[in-house]
Structures are given as C-alpha cells and as structure tokens.
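Survey of secondary and tertiary structure
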Amino acid sequence: MNRIMAAGLVAEAEQGKRVLVLSGSQQMAHEAFRQIVEVGRPDIFKAIYTNGAQSVQLADGGRIDFRSVRSTGSRGISADLLFIDHDADEAFRSRPGDFIAAIATSAPGELNRA
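Structure report, in brief. (Residues numbered from 1 in each chain as written. Predicted model: local features only at pLDDT ≥ 70, side-chain atom pairs only at ≥ 80, totals over all residues. Heavy atoms only, no water.)

**Re the packing of helix H1 (residues 3-14) against helix H2 (residues 26-39)**
Interaxial distance between H1 and H2 falls to 9 Å at its minimum, and their mutual angle equals 70°. Taken together, the axis directions place H1 and H2 in an arrangement best described as roughly perpendicular. On H2, the residues that touch Arg3, Ala6, Ala7, Leu9 and Val10 of H1 are Gln35, Ile36, Glu38 and Val39. Across the contact of H1 with H2, the residue classes tally to six nonpolar, one polar and two charged. (Axes fitted to C-alpha atoms, helices over the stretch in contact; angles between N-to-C directions. Helix = DSSP H or I, 4+ residues; strand = E, 2+ residues; numbered from the N terminus. Parallel < 35°, antiparallel > 145°, perpendicular 65-115°, else oblique. Contact = heavy atoms within 4.5 Å. Nonpolar A, V, L, I, M, F, W, Y, C, P; charged D, E, K, R; others polar.)

Spelled out as structure tokens, the structure:
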C-alpha cells in the first residue's frame, strides 16, 4: 500500500464506513496499518491492537481493520469496503468466498483492488 491508497481508505472511513484491508501476509498487514496511521489525523484516530489484530477506530464511527489472507481471524467481520492489497490478489482469487462474506451484509458493499 502506498500513501495515496492509504489516504483514500482514510477518507472512506471518515465517512463512517467500515473498511477491511486484506494483505498477503501479517507483515504486510502491519505495513498497511502503519501507512494508514501515518496519513491519518491523530485527533480522530484510535489505533487498536487486540490479540495480534490491528485496527483503527475513527471518532465518527468509521473503522479500518487489517487482516492477512492467511489469518483465520476474519470470520464475523463485516465491512462496507473490502480492499485487496496488491500482495494478496493471488490468494484472494483462489478463495474469494472466504472474504466476500465480509461485505455481503453491507448495502453499499464494495470490493477494490490495489
């Protein structure tokens, strides 16, 4: 993920959307988290680390969650926007159903790829 993509995801979350960032590895998920925190505004951001999972909660209710395609902690997550980072595309294509369910409950559900 680069700063421009990160800024776009922050803008979506600032509108109150729930965003799920899917990366190819836990290391890349952490890098995406770092990029988001760098471009975000500290006055409206709250970085959360829970049992190895990382997320950013915004003051207006928006949220950005970060997961690896190899993680099993994505069950039960719902999102308005599923963002597939460039390093996760191949793994996503092999089992899209595991992740598409995250946006199935959102009326404006979107899928975006890097």
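So, next bit.
**With respect to H1**
Between its first and last C-alpha, H1 extends 16 Å over twelve residues, near the 16 Å set by a 1.5 Å rise per residue. Taken residue by residue, H1 has Ala6, Leu9, Val10 and Ala13 as its buried positions. Each buried residue of H1 lies within a common arc of 105° when the element is viewed along its axis, so the set occupies one face. Near the N-terminus of H1, the side chain that reaches the backbone nitrogen of Ile4, with its oxygen 3.0 Å away, is that of Asn2. Note on H1: the residue one or two positions beyond its end, Gly16, has a positive phi of about 90°. (Expected span 1.5 Å × (residues − 1). Buried < 20%, exposed > 50% of the residue type's maximum accessible area, 1.4 Å probe, protein only. Arc of directions from axis to C-beta. Polar contact = N/O pair within 3.5 Å; in protein donor to acceptor, adjacent residues only side chain to side chain.)

**A look at the side chain of Asp65**
With respect to the element layout, Asp65 can be found in strand E4 (residues 63-68). In this structure Asp65 comes out as buried when scored by relative accessible area, which is 9%. Leave out the neighbours within four places in its chain, and Asp65 touches Val19, Leu20, Val21, Gln54, Ser55 and Ile77.

**Considerations on the pairing of strand E5 (residues 81-84)**
Along E5, one buried face is formed by Leu81 and Phe83 and the opposite face, lined by Leu82 and Ile84, is buried too. Judged from the four bridges that link them, strand E1 (residues 18-23) and E5 form a sheet pairing that is parallel. Counted as the bridge partner of Leu20 is Leu82 from E5. (Pairing = 2+ DSSP bridges.)

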